[in-house]
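One letter stands for each residue in the lines below.
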Amino acid sequence: MENITLNKTGIRFKELNHDHLIMGIKLICMFLFLYTAHAKIVDHDRFLKGLSKVHIINGFAVYLSWFVPASEIFTFVLLLFPRTVSWGFITFLTLMFSFTGYIISAMIFEKKLPCHCGGVIEKLSWTQHLWFNLFFMGLAGFALWLMSSKNENQILTK
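Since the model is a prediction, treat every value here as computed from it, not as a measurement. (Residues numbered from 1 in each chain as written. Predicted model: local features only at pLDDT ≥ 70, side-chain atom pairs only at ≥ 80, totals over all residues. Heavy atoms only, no water.)

(A) Expanded view of the overall build of the chain. The helix and strand tally for the chain stands at five helices and zero strands. Overall, the chain shows an N-to-C arrangement of helices and strands of α-α-α-α-α. For the chain, buried positions account for 39% of its 158 residues. Restricting to contacts in the chain with at least 6 residues of sequence separation, those with at least 24 account for 69%. Element-wise, carbon and sulfur atoms account for 70% of the exposed surface of the chain, whose accessible area totals about 10,200 Å². (Helix = DSSP H or I, 4+ residues; strand = E, 2+ residues; numbered from the N terminus. Buried < 20%, exposed > 50% of the residue type's maximum accessible area, 1.4 Å probe, protein only. Contact = heavy atoms within 4.5 Å. Areas by Shrake-Rupley, 256 points an atom, 1.4 Å probe, with all protein chains shown as cover.)

(B) Representation of the packing of aromatic side chains in the model. Taken as a whole, this structure holds seven aromatic pairs when the rule is applied. Between F31 and Y35, the ring centres sit 5.9 Å apart and the planes meet at 15°, which makes this aromatic pair stacked. Note that F31 and Y35 are positioned in helix α1 (residues 2–42) at a spacing of four residues, about one turn of the helix. Aromatic ring contacts, followed pair by pair, group F33, F92 and F99 into a single cluster. (Phe/Tyr/Trp six-rings, centres within 6.5 Å; stacked < 30°, edge-to-face > 60°.)

(C) Geometry of the side chain of N133. Assignment of secondary structure puts N133 in helix α5 (residues 126–157). On the basis of relative accessibility, which here comes to 3%, the residue N133 falls in the buried class.

(D) Highlighting the packing of helix α2 (residues 44–52) against helix α3 (residues 61–80). The N-to-C vectors of α2 and α3 enclose an angle of 125°; their axes lie 9 Å apart at closest approach. Between α2 and α3, the angle is such that the two are oblique. As for the relative orientation of α2 and α3, their crossing is right-handed in sense. On the side of α2, the interface is formed by H44, F47, L48, L51 and S52, while α3 contributes A61, V62, L64, S65, W66, V68 and P69. Classifying every residue of the contact of α2 with α3 by side-chain character gives nine nonpolar, three polar and no charged. (Axes fitted to C-alpha atoms, helices over the stretch in contact; angles between N-to-C directions. Parallel < 35°, antiparallel > 145°, perpendicular 65-115°, else oblique. Left-handed = near helix turned anticlockwise from the far one by under 90°. Nonpolar A, V, L, I, M, F, W, Y, C, P; charged D, E, K, R; others polar.)

(E) Quick look at the pattern of salt bridges. Scanning the model with the defined rule gives two salt bridges in all. Among the ionic pairs, K40 bridges to E72, the shortest N-O distance being 2.7 Å. Taken together, the positions of K40 in helix α1 and E72 in helix α3 put the pair 32 residues apart, joining distant regions of the chain. K40 sits in the buried class, given a relative accessible area of 6%. (Salt bridge = Lys/Arg side-chain N within 4 Å of Asp/Glu carboxyl O.)

(F) Geometry of the nonpolar core. The biggest cluster of nonpolar side chains holds 34 residues, and the ones touching the most others in it are L32, F33, F89, F92 and M96. Those elements that place two or more of their residues in this core are α1, α2, α3, α4 (85–109) and α5. In this structure, F33 is in contact with E72, T75, F92, L95, M96 and F99, ignoring residues within four places of it in sequence. (Core = buried A, V, L, I, M, F, W, Y, C linked by side-chain atoms within 4.5 Å.)

(G) Examining the confidence of the model for the chain more closely. Chain-level pLDDT for the chain is 85 on average; 84% of the residues reach the 70-or-more range. The secondary structure element of the chain with the lowest average pLDDT is α1, at 78, and the one with the highest is α3, at 97. With pLDDT under 50 throughout, residues 1–6 is counted as low confidence; its partners more than four residues away or in other chains account for zero contacts. (pLDDT = per-residue confidence, 0-100.)

What follows is the structure, given as structure tokens:
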């Protein structure tokens with residue numbers, strides 16, 4: 001009987017750690033996208049000019065200049081509500097994957113690499129930016145994994 005009690009306490013402790021880690025990662029991802037969306041909207045002309053200088057996307061620069069911050073805000077909102085957190089992390093990963101693909105293609109095909117991500121992130125080199133994105137993708141993927149393992153544990157303990 002004592003082993004069962006210890007196991008239940010261990011499961012609760014493990015769930016509590018998972019919840020804290022997921023919440024921490026969620027807040028970090030929310031802050032990142034809200035911060036960058038704000039920077040892109042506040043200095044929209046500069047963001048648009050930066051996008052227009054990139055040959056691989058300059059035809060879509062006007063649309064992207066509004067779509068990107070709107071997508072970041074949408075992702076922030078998805079992460080905000082408990083029912084849509086999973087979709088928020090999936091959307092976050094999708095956007096970060098797209099941004100990372102853009103960085104890689106720009107590094108390969110562009111002669112001059114203007115960064116127009118907004119705020120402090122613009123100070124990173126393109127290689128640092130690539131690692132930055134990969135780090136955040138790893139965080140979001142880890143949070144999704146924690147959420148799925150937590151759900152599996154809940155099913156097993158019922």
